[in-house]
Amino acid sequence: KTSTTTSESKGEFLHPIRDFLSQPPSKPSPLTISKISESRLKSIIDARRQPKPFDEESKVAEKYASMSVEDRAFAILYDLGLIENNVDPRDPNYDHSSDDEICEHSNTPRD
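Residues numbered from 1 in each chain as written. Predicted model: local features only at pLDDT ≥ 70, side-chain atom pairs only at ≥ 80, totals over all residues. Heavy atoms only, no water.

Asks: For this particular structure, what's the right way to read the pattern of salt bridges?
Replies: Considering all chains together, one arrives at 5 salt bridges under this definition. In this structure, the salt-bridge partner of Glu 84 is Arg 40, at a minimum N-O distance of 3.0 Å. Remark: Arg 40 occurs in helix 3 (residues 38-48) and Glu 84 occurs in the segment after helix 5 (69-79); sequence separation between them is 44 residues. When the shortest N-O distance is used, the salt bridge between Lys 63 and Asp 79 registers 2.8 Å. Separated by 16 residues along the polypeptide, Lys 63 in helix 4 (residues 54-65) and Asp 79 in helix 5 bring together distant segments of the chain. On the basis of relative accessible area, Lys 63 is assigned to the partly exposed category, the value being 40%. Look at Asp 79 and you get buried, because its relative accessible area is 17%. Salt bridges here are not isolated pairs; linked through shared partners, they connect Lys 42, Asp 46 and Arg 49. (Salt bridge = Lys/Arg side-chain N within 4 Å of Asp/Glu carboxyl O. Helix = DSSP H or I, 4+ residues; strand = E, 2+ residues; numbered from the N terminus. Buried < 20%, exposed > 50% of the residue type's maximum accessible area, 1.4 Å probe, protein only.)

Next comes the structure, spelled out in structure tokens:
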């Protein structure tokens, strides 16, 4: 439901996005943890921690204010750990060991 709802017990208005972000982040799976660094995991947890002090909120708002809408959307999703950067296969540190594996799931429509 995308509309604002009312909490019957407290009589407060609840905002769905704010309520989602105010919940503690779910514990990542061991597979996810092994793929991201400890410092990245800490920054994701810090970004999701709510409520933030006013001065920290101001810094975050200032950081995103200078970005275009597209860059801001990407940065927010990245900071919250909802998306990750793709690794450039031309990077000399890129691991090509599993490039020949076939993905079992495909979203390609079949005739």
